[in-house]
Amino acid sequence: MTIAVPDGVERPYEITEEEVLGRRLAVFRHRRRHLGELVEASARYGDREYLVFPRRRLTYAEHHAAVTATARLLRDRYGVGPGSRVAILAANAPEWIVAFWAAVGLGGVVVALNAWWAGEEIEYALGDADPVLLVADRERLDRLRTAPACPVLPIETLLDRVEPGPAVPLGPVREDDPAVVLYTSGTSGRPKGAVHTHRNILAQLQVQASLAAGSPPGGPPARIFSSSPFFHVSGLHGGALARLASGAVFVGYEGRFDAVSVMRTIERERCTAWSAVPTVVWRVVHHPDAGRYDLSSITRINGGGSAWSPALQERMRAVFGAGLVIGVGYGSTECTAWATIATAPGDLADHPTTVGRPVPTVEVEIRDPDGKPLPEGEEGEIHVRSPLVMLGYWHDDEATAGALDGDGWLRMGDLGTFRDGLLYLASRRTDLILRGGENVYPAEIENCLEAHPGVAECVVVGVPHEELGQEVAAVVVPRAGSPVDAGELAAHVAGRLARFKVPSRWIIRTDPLPRTASGKVVRADVTAGE
C-alpha cells in the first residue's frame, strides 16, 4: 500500500495513540480516511492487471474507469449516496468488485450476502439490511420465493450498462462511518451482520501492508490467488481489497471448488502467493495429480481460522517446495480478519501449532470467567481490542453488548493461552462447528430440524474430519409414530439452509437426548455415546 505521508517521513507504518469512539487506541499515524481514496490512488498503476478471472480481466485503468462509470449509474439511477445500503448477492466475479468500490466510493454501505445461502436465508438478510439496491446474479435471484422490495441490478450485465463520463466525487464519510456489513452465523440461529467501518477495513489493509513491508523492492507485482468468496473477510478484505491497496494482481476463482482447476490456475497465471483456508489446501496437496502441475511459482500460502496441523504443513512444503513460507493467522469477521499471525522465521517451524503473535495495533488478552486478565501460560477466553474491531452488529444491540464491552474489547468466544508471546488455541467456541473454513452454528440447523413434523428433538454437533477439520452430525429422536430417515431430513435442511450446513452424518435414535436439570442437552454425552 502506498500511504500518503508528509515529506520527510520515513516510517509510513508508525504507530501512535489516538481517541477512537471515545477510547484511546493504537493506530497508524499516517493513514487514509476513506476507502474511495484507494481507488483514486490505484489509477496510477495504469495498464497493470488488477482483476484476473477466467471470463474477464481488468487492468487498473479499466477497473478505475468501470468504477467511476458504475458509481455514476448507482448515484443517478438508484439514488445511492452516503449511508445507502447496497446489497451484493453473487458469485465471485470482476463485476462484484467493481460494484463494491463504486458503492463505498459514494459513501454507501455494501451488504455482502452469502452466495451459498438458500432462499429463506437470503430473504431474512434482505429484510434485516433493507437495502436501497440489490446487485445480484440470476442463479441467486432464482432462489427467492418473492421479489425483493428494492430495485435489482443484474450483475451479469453491469459493465455493459455503464457509460464513460466525468468522475463522481467521493461521498462524504467519517472514518468510523459504516462501509460494509458481513453476515456471520449467529448462536441464536439467525445470521448477524457485522458492521465494518472505513477505519476498520483501512487499518486491516495497512496491517497487511506493514507485514509485507520487508519484502524485497522492485520486480514484477505479486500475483495473489484467492479461492475464498467475497462475502468472507478472507476473500474481500484480505483478497481483492488488499491487492488494490498494494498494486498487486488479484487472481480470482469462479465456480465450485475443484483442486485440478486450482492447480491449473496457479500454473497458468504463475501465481506467487495463495490465500486459502486449510481445507482447500488439504484437497490440493493430497490430490493424486498434484505432481503433474508446475506450482513452483507459489512462494507463500496464507490462511487462518485455526491452527494448521504439522502434517499438513509438511505436505504443503513437499508439494510447493521446501522454501514455502506459510502464514497462519487467527481472527474473525468481528475483528475484520486477522488479530494474530505467525509469519516470522521460526514461528511455525519451531511452534507448528501456534496461530502467531498479535499484529500491529492489536491488543490481545486472555481472561478468566470474571473478565480478569490472566498471565502467560494460563488458559482463558480470548479478548481483542484494536481499530480493526467492528462497530457492532447491524440493528442488534443485544448481540453487540454481548460481544463488545464498554472499553472496546471484543469477546472472541474462543479459549486460548499465550506461551513465549505466541497464541495457542485451546478450542473454538463451545458449540461452533468449523467445517472447511465455514462457521456453522448448531442452533440454526437444530431450529430447522425441529420444524420438521416428524422430529421430537435433535442436537447437532461437530465431529472430526481429516479433510474438513470437522463435519456436521445430527442426532435425531423422531416423534412417536412418525418414522423419519436421513435422506428425508437432509432434503428438509437443504431446502432451507446453505449446502455446507446440511449434516453429512445422521444418527436416528429412540432414546431421549441427555439433558441437564435445566433442560439443556449435554452435547458431550451425546457425542460420547454414539
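As the structure is a prediction and not an experimental result, all values here were calculated from the model.

1. A short note on the sheet that holds strand β20 (residues 392-393)
So, step 1. Read across the open sheet, the seven strands follow the order β8-β7-β5-β6-β9-β10-β20; overall the sheet is mixed. At either end of the open sheet lies a strand with only one pairing partner, and these are β8 (152-154) and β20.
So, step 2. Relative to strand β10 (residues 192-197), strand β9 (residues 178-184) is paired through six bridges, and the arrangement is antiparallel. Each residue of the ladder has a partner; that of P178, found in β10, is T197.

2. Comments concerning the packing of aromatic side chains
So, step 1. Overall, the coordinates contain 16 aromatic pairs when judged by the stated rule.
So, step 2. Each ring, one from F225 and one from Y253, has its centre 6.2 Å from the other, and the planes form 75°; the classification is edge-to-face. Taken together, the residues span a long stretch of sequence, with F225 in strand β11 (residues 223-226) and Y253 in the loop between β12 (249-251) and α8 (259-269) at a distance of 28 residues.
So, step 3. Among the residues examined, F225 registers a relative accessible area of 0% and is labelled buried.
So, step 4. Across the ring face of Y393, the terminal group of K192 is positioned such that the distance to the ring centre comes to 4.3 Å.
So, step 5. Lying across the ring of Y424, R419 places its NZ or CZ 3.8 Å from the centre.

3. Brief notes about the nonpolar core
Note that soluble globular proteins tend to have their nonpolar side chains buried in a common cluster.
So, step 1. Counting residues in each nonpolar core, the largest one holds 60 residues, and the members touching the most others are W274, V281, I301, M316 and F320.
So, step 2. Beyond its immediate chain neighbours, meaning those up to four positions away, F320 contacts W274, V284, V285, L295, I298 and I301.
So, step 3. In terms of nonpolar packing, the next biggest core, distinct from the first, is built from 58 residues, L51, V110, A115 and A240 among them.

4. Quick notes on the pattern of salt bridges
So, step 1. For the coordinates displayed, the defined rule picks out 35 salt bridges.
So, step 2. A salt bridge links R24 to E17, with the shortest nitrogen-to-oxygen separation between them at 3.8 Å.
So, step 3. A relative accessible area of 48% places R24 in the partly exposed class.
So, step 4. On the basis of relative accessible area, E17 is assigned to the partly exposed category, the value being 48%.
So, step 5. The salt bridge partner of E467 is R283, with a shortest N-O separation of 2.2 Å. Here R283 lies in helix α9 (residues 278-285) and E467 lies in the loop between β25 (455-465) and β26 (469-478), a separation of 184 residues in the sequence.
So, step 6. The exposure class of E467 is partly exposed, given its relative accessible area of 23%.
So, step 7. The network of salt bridges with shared partners includes E18, R31, R33, E175, D176 and R199.

So, how was this worked out
- Residues numbered from 1 in each chain as written.
- Predicted model: local features only at pLDDT ≥ 70, side-chain atom pairs only at ≥ 80, totals over all residues.
- Heavy atoms only, no water.
- Pairing = 2+ DSSP bridges.
- Helix = DSSP H or I, 4+ residues; strand = E, 2+ residues; numbered from the N terminus.
- Phe/Tyr/Trp six-rings, centres within 6.5 Å; stacked < 30°, edge-to-face > 60°.
- Buried < 20%, exposed > 50% of the residue type's maximum accessible area, 1.4 Å probe, protein only.
- Lys NZ or Arg CZ within 6 Å of the ring centre and 35° of its normal.
- Core = buried A, V, L, I, M, F, W, Y, C linked by side-chain atoms within 4.5 Å.
- Contact = heavy atoms within 4.5 Å.
- Salt bridge = Lys/Arg side-chain N within 4 Å of Asp/Glu carboxyl O.

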